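Analysis of the macromolecular model
Single-letter residue listing:
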Amino acid sequence: MSDRDEASAHIIAVANQKGGVGKTTTAINLGTALAAVGRRILLLDIDPQGNASTGFGIDPRDRKVTNYDVLIDGAPLTQAIVATSVPGLDLVPATIDLSSIDMELGRDRSRAIRLRQAMQSSVIDSYDYVLIDCPPSLNLLTLNALVAARSVMVPLQCEFYALEGLTQLHNTVAQVQQSLNPALRLDSVVLTMYDRRNNLSAQVAADARKNLGDLVFETIIPRNVRLSEAPSHAMPALLYDHTSAGSVAYQKLAAELLRRRNDVIAA
């Protein structure tokens, strides 16, 4: 039984302006792990690459209404939601059309709040968690996610220069807090692509914990072949091989997230 202090969904932007850090992998597999313990999950794919949509096997030809239609044309969110192969996890897909959003919205005064407006739909209250898979840049799409979200989760790869990009993201979050979303918090960092054979991974993890403290989850996501293979099979790693080290790590990450939110898993 849940002990959350909010009746509505908790909205998490999975963001990092650097590419290849595990944003989509985290959004897909964390969402799947949360759904596996009975939470209702909505995943919003706002990356023009549409990798989260592909990762759940949603064929581009079947993406009739997408986040592009929601953000540009004001299509109701309910029209864009599609079920996935994971019970309890729904998705709003993306297509390459999203890449033109900065140009199309131009100087529109509502350009930064389009997603928040769309998510005022009562359908959001039927979910426990909404995960927003952001593109690898601090563009208008990411800004919309930050304005709509309650918290920011940053996948941080255990590689050289990993911490440098956090300063820019932190500054962007601070600006959004001041102007558009005072409730926004950058409250979690997830260490990804950890290679125990590499001393650099251990050093980056230690530096992250030293500089970011409790923001860093205890759970670490390892480099794992199954995590890399799963997208080519159009399914989350937890469905592809739930016993793999990567899948087990995301199950632990989901449990840690629930503990942090005092969201108790029913016995």
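Residues numbered from 1 in each chain as written. Predicted model: local features only at pLDDT ≥ 70, side-chain atom pairs only at ≥ 80, totals over all residues. Heavy atoms only, no water.

1. Observations regarding the overall build of the protein
Within the protein, the secondary structure is distributed over 12 helices and eight strands. By its C-alpha atoms, the protein is 50 × 35 × 35 Å across when sized along the principal axes. By residue count, 54% of the 267 residues in the protein fall in the buried class. For the protein, the computed accessible surface area is about 12100 Å², with 50% contributed by carbon and sulfur atoms. Placing the 25 positive and 28 negative side-chain charges of the protein at their respective mean positions leaves the two points 3 Å apart. (Helix = DSSP H or I, 4+ residues; strand = E, 2+ residues; numbered from the N terminus. Buried < 20%, exposed > 50% of the residue type's maximum accessible area, 1.4 Å probe, protein only. Areas by Shrake-Rupley, 256 points an atom, 1.4 Å probe, with all protein chains shown as cover. Lys, Arg positive; Asp, Glu negative; His and termini not counted. Charge placed at Lys NZ, Arg CZ, Asp CG, Glu CD.)

2. Examining the pattern of salt bridges
Tallied over the full model, the rule gives 10 salt bridges. Two residues, D195 and R197, come together in a salt bridge whose shortest N-O distance is 3.0 Å. With a relative accessible area of 74%, R197 lands in the exposed category. Each member of the salt-bridge network shares a partner with another, and the members are R226, E229 and D241. (Salt bridge = Lys/Arg side-chain N within 4 Å of Asp/Glu carboxyl O.)

3. Some thoughts on the side chain of S244
In this fold, S244 is placed in the loop between α11 (237-240) and α12 (245-260). Overall, the relative accessible area of 6% leaves S244 in the buried class. Among the polar contacts made by the side chain of S244, one reaches the side chain of S247 at a distance of 3.0 Å. If we ignore the near neighbours within four places in the chain, the residues touching S244 are N224 and R226. (Polar contact = N/O pair within 3.5 Å; in protein donor to acceptor, adjacent residues only side chain to side chain. Contact = heavy atoms within 4.5 Å.)

4. Topic: the sheet that holds strand β3 (residues 82-83)
Whether parallel or antiparallel, the strands of a sheet pair through hydrogen bonds between backbone atoms. Taken together, the eight strands give an open sheet; going across it, the order is β3-β4-β2-β5-β1-β6-β7-β8, and neighbouring strands pair in mixed fashion. Lying at the two open borders of the sheet, with one neighbouring strand each, are β3 and β8 (216-222). Summarising the sheet, strand β1 (residues 10-14) and strand β6 (residues 151-157) pair through three bridges and their orientation is parallel. Within the sheet, the bridge partner assigned to I12 lies in β6 and is S151. Here helix α1 (residues 23-36) sits on the sheet and contacts β1, β2 (41-45), β4 (89-92), β5 (129-133), β6 and β7 (185-194); the angle it forms with β5, its principal contact strand, is near 165°. (Pairing = 2+ DSSP bridges. Axes fitted to C-alpha atoms, helices over the stretch in contact; angles between N-to-C directions.)

5. Re the packing of aromatic side chains
A full pass over the atoms with the stated rule returns one aromatic pair. Centroid distance F160 to Y161: 4.2 Å. Interplanar angle 45°. Geometry classified as tilted. Residues F160 and Y161 agree in their burial class; the two are exposed. Sitting over the face of the ring of F217, R260 holds its NZ or CZ atom 4.0 Å from the ring centroid. (Phe/Tyr/Trp six-rings, centres within 6.5 Å; stacked < 30°, edge-to-face > 60°. Lys NZ or Arg CZ within 6 Å of the ring centre and 35° of its normal.)

6. Brief notes about helix α7 (residues 140-148)
Of all nine residues making up α7, eight are buried, and the element is well covered by its neighbours. For α7, every residue scored as buried is listed here: L140, L141, T142, N144, A145, L146, V147 and A148. Two or three places before L141, at the start of α7, stands the capping residue N139, its side-chain oxygen 3.1 Å from that residue's backbone nitrogen.

7. Describing the confidence of the model for the protein
In the predicted model, the protein carries a mean pLDDT of 93, and the fraction of residues at 70 or more is 96%. Contacts of residues 1-6 to residues separated by more than four positions or lying in other chains number 17 contacts, the stretch itself having pLDDT below 50. (pLDDT = per-residue confidence, 0-100.)

8. Here we look at the packing of α1 against α12
Interaxial distance between α1 and α12 falls to 8 Å at its minimum, and their mutual angle equals 70°. Relative to α12, α1 is oriented roughly perpendicular. Listed contacts from α12 to T25, T26, N29, L30, A33 and L34 of α1 are Y250, Q251, L253, A254, L257 and L258. (Parallel < 35°, antiparallel > 145°, perpendicular 65-115°, else oblique.)

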